[in-house]
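# A structural walkthrough
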Amino acid sequence: MRLRQLRLIEVKRYKELQLQVKSKLDSYIENEFGHIPIVKETEWATPDWTIIQYHQGDIATFYNIVIRKIIIDGKIFKAAGINNVITPLEYRGKGFASKTLKETEYLIFEDFNCDLGVLLCADNLIPFYEKLNWYLVECPVYFQQSTGQKLWGANTMLLTKTDQQLKPTKIELNGTPW
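These remarks concern the structure in this document. (Residues numbered from 1 in each chain as written. Predicted model: local features only at pLDDT ≥ 70, side-chain atom pairs only at ≥ 80, totals over all residues. Heavy atoms only, no water.)

### Notes on the packing of aromatic side chains
Using the criterion set out here, one finds 7 aromatic pairs in the structure. Taking 6.2 Å as the distance between ring centres and 35 degrees as the angle between the ring planes, the aromatic pair formed by tyrosine 28 and phenylalanine 62 counts as tilted. Linking tyrosine 28 in helix 1 (residues 19-33) with phenylalanine 62 in strand 3 (residues 58-72), this pair joins segments that are 34 residues apart in sequence. Taken as a pair, tyrosine 28 and phenylalanine 62 share a single burial class, namely buried. Sitting above the plane of the tyrosine 14 ring, lysine 22 keeps its charged end 4.5 Å from the centroid. (Phe/Tyr/Trp six-rings, centres within 6.5 Å; stacked < 30°, edge-to-face > 60°. Helix = DSSP H or I, 4+ residues; strand = E, 2+ residues; numbered from the N terminus. Buried < 20%, exposed > 50% of the residue type's maximum accessible area, 1.4 Å probe, protein only. Lys NZ or Arg CZ within 6 Å of the ring centre and 35° of its normal.)

Given below as structure tokens:
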């Protein structure tokens, strides 16, 4: 697959990240989400892709993508699961995450040929993502754990290519959450 090149935004397969970069990202993730009970208690999917926005050589924001077929109301959809959207403290409030998510939206729909984006989200972040055309869905979302199928206990948001929003009654992630 040939991906478009973006200035200062790196799109890389997660498994190809340098160990030093992966370690830095893991540190940001642990600091941001490691204390949250639902995060600590859940087995998570390994990302397929990592998107990093740099500013003067530093990581200004990043997020991961898991590509997977999911089931919504009995129909199969190719989904880009977005996780760990993080902006280090010194870069917050400067629009890095918003700009990066908008500029890389085509990755989901064009380069990865996904039908939709899926985001598992905390309450306080809903307004941020709504400004970027993500929308909240209120239906049960099921995922896998080593102990069996579980029900997601927080928010789920979707991003569709068109203005036509899905109104699902049930979502199955077909694996661990992202």
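### Things to note about the layout of surface pockets
Roughly 660 Å³ of volume is contained in the largest pocket. Considering the residues around the largest pocket, the lining is formed by 27 residues, among which Phe33, Val39, Trp44, Asn84 and Trp178 are closest to the centre. Classifying every residue of the lining of the largest pocket gives 20 nonpolar, 5 polar and 2 charged. Quantified by volume, the second largest pocket comes out at close to 290 Å³. In this structure, the second largest pocket is lined by 16 residues; those nearest its centre are Val85, Thr87, Arg92, Ala97 and Phe128. Of all the elements in the fold, those that place two or more residues in the lining of the second largest pocket are helix 1, strand 4 (75-86), helix 3 (96-103) and helix 5 (126-130). Of the residues forming the lining of the second largest pocket, the biggest block, 3 residues, is contributed by helix 3. (1 Å grid on protein atoms, 1.4 Å probe; cavity = no way out; pocket = protein on both sides within 12 Å on 5 of 7 lines; lining within 4 Å. Points joined across faces, edges and corners; volume = space filled by probe spheres on them. Nonpolar A, V, L, I, M, F, W, Y, C, P; charged D, E, K, R; others polar.)

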